[in-house]
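The chain contents come next:
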Amino acid sequence: SLKSSSTSSFSLCSYNVLAPAFSKHYKEWIDTDRLNVDRRFSMMNSFFESLQATLFCLQEVERESLDRFAFFDSSSPLSRYSFATQDKRWGNVTFFDSNVLRLTHVNPRSRTLFCEFQFKSHPSVFLHVVNVHLEGSPHLHSERFNQIKSSFKFFKQRLDFLSSFSKDSSFSVKLSKRQRLLSSSCDPIVPWCSSS
């Protein structure tokens, strides 16, 4: 289990779930039974439940299959998680333990999802997470480098913004309407509109 034992620590799992639309490209290399969508989701959910990490950074998640994850099952220990996502048909999703973290900022990019969290037990402590789906083509290594470079550039801008506030000033973080739509509680009925 990756479950954090301290109120100021965290654990993270990054996982490319292989979108069902892309799995057909692997049929010549992987046993088709292992590519079965139902079997894959069952295995992933068991794996995620066993880890209980503070954060799960998933890539290649299709919007239509989002509710197949145990995070949306009220009987699962993962039901306490909320998430932030890109506003796309498929992309990155970051699930986070809402008992531990509060989402304060989200910035979706083409293949990158930047999230800023506050520890609920230590509101002055922020955690910045960049969930990146790196370009897979071996011929586009400069594209992968640019994805990471862009993520760090935004990260630096965000840190500069936060450091512009003195410790004595009152600073409250509010999500914009667009950010609220991209960060949702795991509500299986309306997962894209309920704010966390």
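S.K.: Would you mind going over the packing of aromatic side chains in detail, with residue names and values included?
M.R.: The tally for this structure, following the rule as stated, stands at 18 aromatic pairs. Between the aromatic rings of Phe47 and Phe48, the centroid separation amounts to 5.9 Å while the plane-to-plane angle is 50 degrees, which identifies the pairing as tilted. For Phe47, a relative accessible area of 36% gives the class partly exposed. Note on Phe48: relative accessible area 0%, which makes it buried. Members of the aromatic cluster, connected to one another through ring pairs, are Tyr15, Phe41, Phe47, Phe48, Phe56, Phe69, Phe71, Phe72, Tyr81, Phe83 and Phe95.

S.K.: Residue-level account of the sheet that holds strand β7 (residues 126-132), with values.
M.R.: By way of backbone hydrogen bonds, the strands of a sheet pair with one another, either parallel or antiparallel. The antiparallel open sheet is built from three strands, whose spatial order is β5-β6-β7. Among the strands making up the open sheet, the edge pair consists of β5 (101-108) and β7. Strand-to-strand twist across the sheet, computed as the mean angle between neighbouring axes with direction ignored, equals 20 degrees. As defined by bridge partners, β5 adjoins strand β6 (residues 112-119) across seven bridges and the pair is classed as antiparallel. For Leu101, the partnering residue across the bridge sits in β6 and is Phe119.

S.K.: So, the pattern of salt bridges: which residues are in play, and what are the values?
M.R.: Using the criterion set out here, one finds five salt bridges in the structure. The partner of Arg68 in a salt bridge is Asp38, and the shortest N-O contact between them spans 2.9 Å. Of the two residues, Arg68 is situated in the loop between β2 (55-62) and β3 (81-85) and Asp38 in helix α2 (residues 37-51); the sequence distance between them amounts to 30 residues. Given a relative accessible area of 36%, Arg68 falls into the partly exposed group. Across the pair Glu116 and Arg158 runs a salt bridge whose closest N-O atoms are separated by 2.8 Å. Here the residue Glu116 occupies a position in strand β6, and Arg158 occupies one in helix α3 (residues 141-163), the gap between them amounting to 42 residues. A relative accessible area of 0% means that Glu116 is categorised as buried.

S.K.: So what's going on with the nonpolar core? Which residues, and what values?
M.R.: By size, the foremost hydrophobic cluster in this structure holds 20 residues, and its most contacted members are Phe48, Phe56, Leu58, Leu66, Phe69, Phe71 and Phe95. Those elements that place two or more of their residues in this core are α2, β2, β3 and β4 (90-97). If one sorts the elements of this core by residue count, α2 sits on top with four residues. Sequence-distant contacts of Phe48, defined by excluding residues within four places in its chain, comprise Cys13, Tyr15, Phe56, Leu58, Phe69, Phe71 and Leu78. The next biggest cluster of nonpolar side chains, apart from the first, holds 13 residues, and it includes Cys57, Leu103, Phe117 and Phe119.

About the thresholds
- Residues numbered from 1 in each chain as written.
- Predicted model: local features only at pLDDT ≥ 70, side-chain atom pairs only at ≥ 80, totals over all residues.
- Heavy atoms only, no water.
- Phe/Tyr/Trp six-rings, centres within 6.5 Å; stacked < 30°, edge-to-face > 60°.
- Buried < 20%, exposed > 50% of the residue type's maximum accessible area, 1.4 Å probe, protein only.
- Pairing = 2+ DSSP bridges.
- Helix = DSSP H or I, 4+ residues; strand = E, 2+ residues; numbered from the N terminus.
- Axes fitted to C-alpha atoms, helices over the stretch in contact; angles between N-to-C directions.
- Salt bridge = Lys/Arg side-chain N within 4 Å of Asp/Glu carboxyl O.
- Core = buried A, V, L, I, M, F, W, Y, C linked by side-chain atoms within 4.5 Å.
- Contact = heavy atoms within 4.5 Å.

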